[in-house]
Amino acid sequence: MSQLIFELSKPGRRGVIIPASTTPHVSFDASYTKDDAIQAPEVAEIDLVRHYIGLSKKAMGVDNGFYPLGSCTMKYNPRINEDVANLAGFTQLHPLQPEHTVQGALAAMDHLQDALCEITGMDGFTLQPAAGAHGEFTGMLLIKAYHEANQDYKRTKVIVPDAAHGTNPASAAMVGYDVITLPSNALGHVDMDALKAMLDDTVAALMLTNPNTLGLFDPNIKAIADLVHDHGGLLYYDGANLNAIMGLSRPGDMGFDVVHLNLHKTFSTPHGGGGPGSGPVGVNERLIPFLPNGTIIKEAGRLTIKNAPHTIGRIRSFYGNFLVNMRALTYILINGAEGLKEVSLNAILNANYMMEKLKDTYHVAYEQTCMHEFVVSLEKEKANHGITAKDIAKSLLDFNIHPPTMYFPQIVNEALMIEPNETESKETLDHAIDVLIHLYSLIKDDPQALLDAPHTTPVKRVDDVRAARNPILKYKESESSDSFFVIE
Ligand SMILES: *Cc1c(COP(=O)(O)O)cnc(C)c1O
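Thresholds, definitions, all that
- Residues numbered from 1 in each chain as written.
- Predicted model: local features only at pLDDT ≥ 70, side-chain atom pairs only at ≥ 80, totals over all residues.
- Heavy atoms only, no water.
- Helix = DSSP H or I, 4+ residues; strand = E, 2+ residues; numbered from the N terminus.
- Rg over C-alpha atoms; globule rule 2.2 N^0.38 Å.
- Buried < 20%, exposed > 50% of the residue type's maximum accessible area, 1.4 Å probe, protein only.
- Contact = heavy atoms within 4.5 Å.
- Areas by Shrake-Rupley, 256 points an atom, 1.4 Å probe, with all protein chains shown as cover.
- Pairing = 2+ DSSP bridges.
- Axes fitted to C-alpha atoms, helices over the stretch in contact; angles between N-to-C directions.
- Parallel < 35°, antiparallel > 145°, perpendicular 65-115°, else oblique.
- Left-handed = near helix turned anticlockwise from the far one by under 90°.
- Core = buried A, V, L, I, M, F, W, Y, C linked by side-chain atoms within 4.5 Å.
- Phe/Tyr/Trp six-rings, centres within 6.5 Å; stacked < 30°, edge-to-face > 60°.
- Near = heavy atom within 4 Å.
- Polar contact = N/O pair within 3.5 Å; in protein donor to acceptor, adjacent residues only side chain to side chain.
- Nonpolar A, V, L, I, M, F, W, Y, C, P; charged D, E, K, R; others polar.

J.: Describe the overall build of the protein, naming the residues involved and giving the relevant values.
T.: Across its full length, the protein carries 15 helices and 13 strands. For the protein, whose C-alpha radius of gyration is 25 Å, the value lies close to the compact-globule estimate of 23 Å for 488 residues. Considered along the principal axes of its C-alpha atoms, the protein spans approximately 75 × 70 × 45 Å. Residue burial in the protein is summarised as follows: out of 488 residues, 48% are buried. Pairs at least 24 apart in sequence give 71% of the contacts found in the protein among residues at least 6 apart. Carbon and sulfur atoms make up 56% of the accessible area of the protein, which amounts to about 23900 Å² in all.

J.: Describe the sheet that holds strand β5 (residues 234-239), with residues and values.
T.: Reading across the sheet, the 7 strands line up as β1-β7-β6-β5-β4-β2-β3 and stay open at both edges, with mixed pairing between neighbours. Looking at which strands have only one partner, the edges of the open sheet turn out to be β1 (124-126) and β3 (178-182). For this sheet, the mean inter-axis angle between neighbouring strands, taken without regard to orientation, is 20°. Relative to strand β6 (residues 258-261), β5 runs parallel, the two sharing 4 bridges. Bridging from a neighbouring strand, G239 pairs with L261 of β6. Contacting β4 (203-208) and β5, helix α8 (residues 221-230) runs over the sheet at an angle of about 140° to β5.

J.: Quick one: what's the story with the packing of helix α10 (residues 322-358) against helix α13 (residues 426-445), residue by residue and with numbers?
T.: Remark: α10 packs on α13, axes separated minimally by 10 Å, with the N-to-C direction vectors making an angle of 30°. When the interaxial angle is binned, α10 and α13 end up roughly parallel. For the element pair α10 and α13, the recorded crossing hand is right-handed. Residue-level inspection shows N350, Y353, M354, K357 and L358 of α10 in contact with α13, the latter providing K426, L429, D430, A432, I433, L436 and I437.

J.: Talk me through the nonpolar core; I want residue IDs and the actual numbers.
T.: Of all hydrophobic cores here, the largest spans 57 residues; its most connected members are L116 and F267. Those elements that provide at least two residues to this core are α4 (103-120), α7 (192-198), β4, α8, β5, β6, β9 (302-305) and α10. Ranked by size, the runner-up nonpolar core spans 28 residues in total, among them M355, L429, L439 and I443.

J.: Give me the lowdown on the packing of aromatic side chains, citing residues and values where you can.
T.: The full count for this structure, using the stated rule, is 5 aromatic pairs. Considering the side-chain rings of Y146 and F290, the 6.4 Å spacing of their centres and the 85° angle between planes classify their relative orientation as edge-to-face. Residue Y146 is found in helix α5 (residues 132-149), and its partner F290 is found in the loop between β7 (281-283) and β8 (296-299); the two are separated by 144 residues along the sequence. Both residues of the pair, Y146 and F290, count as buried. Summarising the aromatic geometry, the rings of Y237 and F256 are spaced 4.7 Å apart at their centres and angled 70° between planes, so their arrangement reads as edge-to-face. A residue pair is termed long-range when its members are at least 10 positions apart, and Y237 in strand β5 and F256 in the loop between α9 (251-254) and β6 qualify at 19 residues.

J.: Let's hear about the site of the ligand: which residues, and what values?
T.: Every one of the 13 residues lining the ligand counts as a neighbour, but S71, A133, D238, H264 and K265 are closest to it. A distance of 2.8 Å is found between an oxygen atom of the ligand and a backbone nitrogen or oxygen belonging to A133. The contact in question runs from an oxygen atom of the ligand to an N or O atom on the side chain of K265, over 2.7 Å. Burial of the ligand by the protein amounts to 86% of the accessible area it has alone, namely 380 Å². Its residues assigned to classes, the shell around the ligand shows 3 nonpolar, 7 polar and 3 charged.

These figures come from the coordinates and say nothing about function on their own.
Set out below in structure tokens:
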């Protein structure tokens, strides 16, 4: 393991020489000052650069290798997004500036709201939510506010399919709803009979991802929407993975009342490691009066932030993750309507290409034409040879390929969920296909190599159970180190 920056520290070393101050010295009252010196590492610039470049080389990211992490849409972030987000006109604004001094920024946000309405077929959008799960939470609050405004207090349940992303039931539960799980049928679609049996006047909403986490588009979507509406419920669309349908079909046209998008997935803004996301929420006409505070509204030719009449209140500070939103706007404008459609067509093409090339080797769960991703199962390989989805996933690291999503969706045992993304070339896909087929051959030829993988990474197999049960969250200085700093 490499040393920490604090362990590299030597008293007196400097990375920068700060020029002598030309402003007069001012003394503070001692009550405002700290007693201890700041404990910052002291290193030369070259050591600092090597330290962080070294760390970055040990991490796997979309910029240094194929990253087919299903449902996460780890697509390339075009660098022009960064150029735009770095414009001084954006970065030098203060969120508390008077509205008339930030009309340009408001116009850019309004433009993004309009574009998202057009892409999804919704009537209004809020850019407030900071991520997908936050968008779901917002959407559930909107649905609750709507039913309450109609004095329809019986509706205490939200239906969520068993193939849903884990955040869906969690968000519904956080708003106080009872979650009922809807089973999938043999084709991986919504089981219509089960849905009919569940629907009554106590159901507030159905939360649906379409295509679902199996990468399958539900052909009954119109019938599903009609059924839910006939029973007085609303439809929530989890649009985190809109790159499967952009420019091809729209949640609004399918009958959805509320939708959230993950700009940090579909619209190419970088994510991972808990970094800033953006999960805007779109609604149809009847939910506009409930939108959160901080949503941009046009009034007499001017842009303003006004509270909707029956607003659910503020769900995030200021204007949402503004610079993330500017990256997404850049991506939308650069692609244009035709380009966004092409993005989806290529995402679908790449996923189906990989699935077709792998399906004679790996068992594809719910084998049929997929959308942006597909799921394979290693259930038989585990039973017959003791090789699991995790062993294949770990082995990919030795080939500089990030593992697919593992053990999800939970309705597929030993699942690997592969989402190649539209940004990858045929050569990259062919290489990944070759690697996956090679690894499969090792199940018979050299299973130990798979069980011991990864072989080339700085950290080998970790004990997942111990890491979860007994996490070590503090760094302790090693005995031999002459470092002065201990993270407590
Ligand atoms: C990623 C994802 C979410 C959650 O989004 P976060 O930004 O991680 O909160 C929800 N649903 C689906 C289908 C997703 O892929």
